[in-house]
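Descriptive structure summary
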Amino acid sequence: MSRYNPREAEPRWQSVWADQGVDHAAREATDRPKYYVLEMFPYPSGKIHVGHSRNYAMGDVVARYKRAKGFDVLHPMGWDAFGLPAENAARERNVHPRDWTLKNIEVMRGQLKRLGLALDWDREIATCEPDYYKHQQAIFLKFLEKGLVERRKAKVNWDPVDNTVLANEQVIDGKGWRSGAPVVQRELDQWFLKITDYADSLLDGLDQLDRWPDKVRLMQANWIGRSRGAHVTFPFADPADRDRFGCEGITVFTTRPDTLFGASFLALASDHAITTALAADDPLIGKFARDCAASGTTAEEIEKAPKKGIDLDVKVLHPFDPDWELPVWSANFVLSSYGTGAIFGSPAGDQRDLEFSRKYDLPVTPVVLPPGADAATHSIDDEAWTGPGTIYNSRFLDGLSTEAAIERAIQELEKRKLGHGATNYRLRDWLVSRQRYWGCPIPVIHCDSCGAVPVPEDQLPVELPRDVTFDTPGNPLDRHEGWRHVDCPKCGQPAKRETDTLDTFVCSSWYFLRFASPWPEDKPFDPAEAQRWMPVDQYVGGIEHAILHLLYARFFTRALHDCGLIDLPSGEPFAGLFTQGMVTHETYKSETGKWLAPTEVEDRDGQLIEIETGRPVTVGAIEKMSKSKKNVVDLDDFIDTYGADAARWFVLSDSPPERDVEYTDGGVDGVWRFVQRLWSVVDGFEGTSGGDMNGVSPEGLELRKTAHRTVRDVTEAIEGFRFNSAVAKVHDFVNALRKFLPANEADKAAQGESLRLLTQLISPFMPHLAEACWERLGQDGIVAAAAWPEADPALLIDNTVILAVQVNGKRRGEIELPKGADRDMAEKAALDDPGVARSLEGLNVRKVIVVPDRIVNIVAG
RNA sequence: GCGGACGUGGCGGAACUGGUAUACGCAACAGACUUAAAAUCUGUCGCCCGUAAGGGAUUGAGGGUUCAAAUCCCUCCGUCCGCACCA
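The text that follows walks through the structure, step by step, so that each part is easy to find. Predicted model, so just to flag it, every value in this text is computed and none were measured. (Residues numbered from 1 in each chain as written. Chains lettered and ligands numbered in written order. Predicted model: local features only at pLDDT ≥ 70, side-chain atom pairs only at ≥ 80, totals over all residues. Heavy atoms only, no water.)

To continue, consider the protein's contact with RNA strand B. As a matter of local geometry, RNA strand B sits amid 48 residues, with Thr255, Lys307, Arg352, Arg426 and Arg673 nearest to it. For RNA strand B, the fraction of atoms within 4 Å of the protein that belong to sugar or phosphate moieties is 63%. One of the side-chain N or O atoms of lysine 810 is found 3.3 Å from a phosphate oxygen in RNA strand B. A total of 6 residues in the surface near RNA strand B trace back to one element, the largest contributor, which is helix H24 (residues 723-739). Here the surface near RNA strand B is built from residues that sort into 19 nonpolar, 12 polar and 17 charged. (Near = heavy atom within 4 Å. Polar contact = N/O pair within 3.5 Å; in protein donor to acceptor, adjacent residues only side chain to side chain. Helix = DSSP H or I, 4+ residues; strand = E, 2+ residues; numbered from the N terminus. Nonpolar A, V, L, I, M, F, W, Y, C, P; charged D, E, K, R; others polar.)

Here helix H21 (residues 644-652) crosses helix H26 (residues 767-776) at 120 degrees, and the two axes come no closer than 7 Å. In terms of orientation, H21 lies oblique with respect to H26. Residues Ala644, Asp645 and Arg648 of H21 pack against Pro767, His768 and Leu769 of H26. For the contact of H21 with H26, a count of residues per class yields 3 nonpolar, 1 polar and 2 charged. (Axes fitted to C-alpha atoms, helices over the stretch in contact; angles between N-to-C directions. Parallel < 35°, antiparallel > 145°, perpendicular 65-115°, else oblique. Contact = heavy atoms within 4.5 Å.)

Spatial ordering of the open sheet is given by E23-E22-E25-E24, a layout of 4 strands whose pairing is antiparallel. Looking at the sheet topology across the chains shown, the edges are occupied by strand E23 (451-454) and strand E24 (485-487). Within this sheet the neighbouring strands show an average axis-to-axis angle of 40 degrees, counted without direction. Alignment of strand E22 (residues 444-447) against E23, held across 4 bridges, turns out to be antiparallel. Pairing of valine 444 across the sheet is with proline 454, part of E23. (Pairing = 2+ DSSP bridges.)

Scanning the entire structure with this criterion turns up 44 aromatic pairs. Measuring from ring centre to ring centre gives 4.4 Å for tyrosine 132 and tryptophan 510, while their planes differ by 15 degrees; the resulting arrangement is stacked. With tyrosine 132 in helix H5 (residues 130-145) and tryptophan 510 in the loop between helix H16 (504-507) and helix H17 (511-516), this residue pair connects regions lying 378 residues apart in the sequence. Judged by relative accessible area, which is 1%, tyrosine 132 ranks as buried. For tryptophan 510, a relative accessible area of 0% corresponds to the buried category. (Phe/Tyr/Trp six-rings, centres within 6.5 Å; stacked < 30°, edge-to-face > 60°. Buried < 20%, exposed > 50% of the residue type's maximum accessible area, 1.4 Å probe, protein only.)

These values are about where atoms sit, not about what they do.
As structure tokens, then:
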């Protein structure tokens, strides 16, 4: 008997798979059903650590399992290769972003191959290659043609560290998603994709995504933030204001037109057009607006900021009563980016309006009577009633329910031409301009006389120039005179290229389509092939993309469908989504406060020591493996020591896939032991597979039953994404096999069957070890090409079952009965059980509940 | 503040539609092999009382529904996540 040596076995099996081409998806439709499994493709940042491998291991289990189940599986891999780290590397290490990126891809491809993933490498793509981004530019122009792209001046989020703008989704807690720097507002001319055109579709489509986590659907729904209400216009009281501000009145968005009779003021955002106009002449208003702009945008600052405002000395008329004048204020709690940037204050029904009214002594008229309240006594003190109720103090709305009053008020507004029902969204258009070099160039030329002119399609791709420098801040494309200056394609006059590049989230919004047919040079993908493979049946990735990437991709497939590039009526790219948890590891800090990698730390007599200095180490929190905290375990190091299978098995053990799993040396040792134990139980087998199982001993039959139960359980666990349960079931099965001693030849045949089934069950998880076992057992071909085993139903049925017997809900004994035994039989057996009889002493049996084949509960007193 | 998820031994966790709670793994302890250690193997192992047989309490806390609750309902506590003055 020998030990299993992954260093020798793993490369050997990988070349067998490559030679046989088992991992390639069919290039043309087959009679097998298709299955598209995809892990979110990585950014080539350098090296893969054990933490990253979990995502790929999960996808690979699904891919290998589905293949064994007879599906034609598409399981591709590529590189999300544009992005800022390449430019930072260029700046810090004087290496060209492209060279840096390609080298990282080289390294990481090698690592993924060492993991033994069943990937179709023929379909590999890198988004930084012109043969990829040229299609992206064509798509951009198609969107432009369709009116889905807009260039406009807008207040945008500027990340002062990354020196670029960010989309709304990319600002987390007021900070840039990558840099973590507080973003500031800037007014700039920028490119937008009109994702808001699809707000309803993106929201309503969530209902069909029944194989997505509810959590992600909810997050997207909240992000889109649809709310129904009305636009209401309050006409200016002084007709002169119409000319002064160039409009009839002030339009607000409200979800509660039923509370219009409780209005006591209007409030505008500090940067509303009217506020800005007035600020030009009135220093006090100007100061107020500047103060608001300067106040913090972080969560806490907003929370603590008291309501404040300034009376603009403008009057408007109530839409339902031309004799009713309302004052117009500017207030710090009104957002210019939501609705119309103006509200009407109805203090009895809104907490913010109430606080504002109390501070500035504005009237508070309750108009909604909460259920059960008395109109004569109900009053509002310091808490607004925001719930539903009966409308009062409201003339023609009196007596109506909130819901009916909303309808009625909208009708009346429409009649008076002062408003209409309206839907508002929290979702903003997707800002895709980035002031960076290492991204997909936006294929547009700016001409003084023709404006923004699309680059003609036959001139695509607009390639990034290679000769750029990063020694000065800013976008090198802006400084590249040779690249920048071109003639206008329309009029031939000298013009300038757009120097902004596209947000890298654009690249990842359609790569899954390119994977379906990465070959055409004249189009982004072959529509028939894309249609054959789409949607992705199982997508696997991190929860951090719950909104960003997943929302953008859903928008893209809709837009591509509407542009006629793909026939995908649902618009949904990912039918099934799984968001996996991270791999975590302890963090270590040296005495000098420096992060230390696990390899720089050593355990000496229970004390952790920095190897280099011999000084003690502080153990910090257990956190997600990340380069910045240095708490990573390098994948190559791991594979060198334990092999790829151990890495795969480890990251799938112990924790449910959606939760984090902690990396511990103890856990790794356990996996290594298990790999060897499993090998030894196969290697120690002395019979031959496929023998006659007639005359099997009772123990042999029990083993067979365990084997077939395990087949059933592991299959169900894989289907349900419960890989940790599958691991536990395989452990059980190996324990049973280790205890088993064959009594005769039939037993050996049964043992051989069990070992073969075991090999097949582990093959999606530990494919190399499985091949070694398959070979050792003398099976034909390779296990990677074998069909998934089916459990024999006859062996899943037990002739006898053990029932627990409870007395008053407490377990007092157990009885063994033939399967399907009736109530009388079960009751009698239960009452005869000595333990049960003992606990029934002195009690009268009142009732016996029998659930056949499950439990007996005796109620006594 | 709003919305959501979760809470089970020393630790990670299992328990499918309410039906034997603590599977499996880690750690720990004892033993075998060994000059010794590592590795490996065997056994014990949630808590309390008891030498034991056996008994008792137990799934964050409290209450409820039920013959029966980790699982369903209510209240509270705690942890994590998302959104955050969204009119």
